[in-house]
Each structure stands twice: as C-alpha cells, then as structure tokens.
Amino acid sequence: MLDETDIKILECLLADARMPHKEIGEHVHLTGQAVGFRIRKLEDAGVIQGVHVSLNHEKLGLTVMAHIIVFMKMTSSHAQFQSFVREHPHVKEAYRISGEGCYSLRLLVASHGELNEFLDRLLNYANYRVHICLDRIK
C-alpha cells in the first residue's frame, strides 16, 4: 500500500524525474537518503517501472501525428500484424481495443509521404481509419 508520502514522491518524480532526492525530501519532509530508499522500494514493487525522457517531436522533425483505428482483415494474422507494429519505429503507441476496430495506433512521422508509406504497408494486414492531429491541447 502506498502512503501519502509515497504519493507525494511520485508526484515530484512525475513533474521532474531527474529531481534530486534531497530536493524531493524537502517537499515530503524526509532526508534524501530516505527518499532514495522509498524510491527503490517503489521500483522493487513495480510501481515505478522506469524513467523516461519526454521529447519535443517537432524539433526532431516529426511534425505529423496520426491516430489510426485498425480493422483486421479476416485472413490476416494478428501475430504478424503485432510484429509489424512492434518493429515499426514510427508507431509510438499501439493498443488492442474493444468496440469499433481491433487496434488503435499513434504514429509520428516527418511528412504525409511517410504516413502514406506506412498506410500502404498496413494494407497488407488490415483496413484503417486515420485521424490526423491538428493541435495538441494537453
């Protein structure tokens, strides 16, 4: 079970994963060493699964974001499709979903041409519906 201090530590880490333990300790009224111990405990328990870097995709030239709903063809193999998705570098998120469609993908590419190339390859496995993101709100 997480206590209030653990939750505050997690909030600090979510705001800045590189925040020094001493600084987190100032927020939660613990020493840096005690914060480090609690963080290791949270990692061991699987609550913290890793530390990630947040990238500015536009500065990397990845200016086109698309959300794709995938409708598998009856003759297609889910395993082969999933392998294709896992190996494709522009697929940033992939979920098997319920409701309308079989999968939901989030794709980041540099151009509409790259998006078209991906969609052409996707047709080997499935049909799709594409939503291109115009602006990020949150």
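First things first, this report covers the structure right here in the doc.

Definitions and limits used
Residues numbered from 1 in each chain as written. Predicted model: local features only at pLDDT ≥ 70, side-chain atom pairs only at ≥ 80, totals over all residues. Heavy atoms only, no water. Helix = DSSP H or I, 4+ residues; strand = E, 2+ residues; numbered from the N terminus. Rg over C-alpha atoms; globule rule 2.2 N^0.38 Å. Buried < 20%, exposed > 50% of the residue type's maximum accessible area, 1.4 Å probe, protein only. Contact = heavy atoms within 4.5 Å. Patch = residues over 30% accessible without salt bridge, like charges linked within 9 Å, V, L, I, M, F, W, Y side chains within 5 Å. Areas by Shrake-Rupley, 256 points an atom, 1.4 Å probe, with all protein chains shown as cover. Salt bridge = Lys/Arg side-chain N within 4 Å of Asp/Glu carboxyl O. Core = buried A, V, L, I, M, F, W, Y, C linked by side-chain atoms within 4.5 Å. Pairing = 2+ DSSP bridges. Axes fitted to C-alpha atoms, helices over the stretch in contact; angles between N-to-C directions.

## Digging into the overall build of the protein chain
- Helix and strand counts for the protein chain come out as 5 helices and 4 strands.
- In the protein chain, the succession of helices and strands from N to C terminus is α-α-α-β-α-β-β-α-β.
- In terms of overall dimensions, the protein chain is more spread out than a globule: its C-alpha atoms have a radius of gyration of 20 Å, far above the 14 Å expected for 138 residues.
- Dimensions of the protein chain, computed from the C-alpha atoms along their principal axes, are close to 55 × 35 × 25 Å.
- Within the protein chain, buried positions represent 30% of all 138 residues.
- Pairs at least 24 apart in sequence give 64% of the contacts found in the protein chain among residues at least 6 apart.

## A look at a nonpolar patch on the surface
- On the surface, Leu2, Ile7 and Val47 cluster together into a nonpolar patch covering about 230 Å² of accessible area.
- Here Ile7 is to be found in helix H1 (residues 4-15).
- Judged by relative accessible area, which is 40%, Ile7 ranks as partly exposed.

## Concerning the nonpolar core
- By size, the foremost hydrophobic cluster in this structure holds 19 residues, and its most contacted members are Ile68, Val70, Phe81, Leu105, Phe118 and Leu122.
- The leading source of residues in this core is strand E1 (residues 64-72), at 5 residues.
- Residue contacts for Leu105: discarding those within four places in its chain leaves Ala66, His67, Ile68, Val70, Phe81, Val85, Val91, Glu93, Ala94 and Phe118.
- With 11 residues, the next largest nonpolar core counts Leu13, Val28, Val35 and Ile48 among its residues.

## Notes on the sheet that holds strand E4 (residues 126-132)
- Strand order in this open sheet of 4 strands is E2-E3-E1-E4, and the pairing throughout is antiparallel. Looking along the sheet, the strands with just one partner apiece sit at the ends: strand E2 (91-96) and E4. Neighbour-to-neighbour, the strand axes of the sheet open up by a mean angle of 20 degrees, direction not taken into account.
- Pairing geometry for E1 and E4, over 7 bridges, is antiparallel. Paired with Phe71 across the strands is Asn127, a residue of E4.
- Those strands touched by helix H4 (residues 78-87) are E1, E2 and strand E3 (103-109), and its axis lies near 25 degrees from that of E3.
- Helix H5 (residues 112-122) contacts E1, E2, E3 and E4 of the sheet and is inclined by roughly 10 degrees relative to E1.

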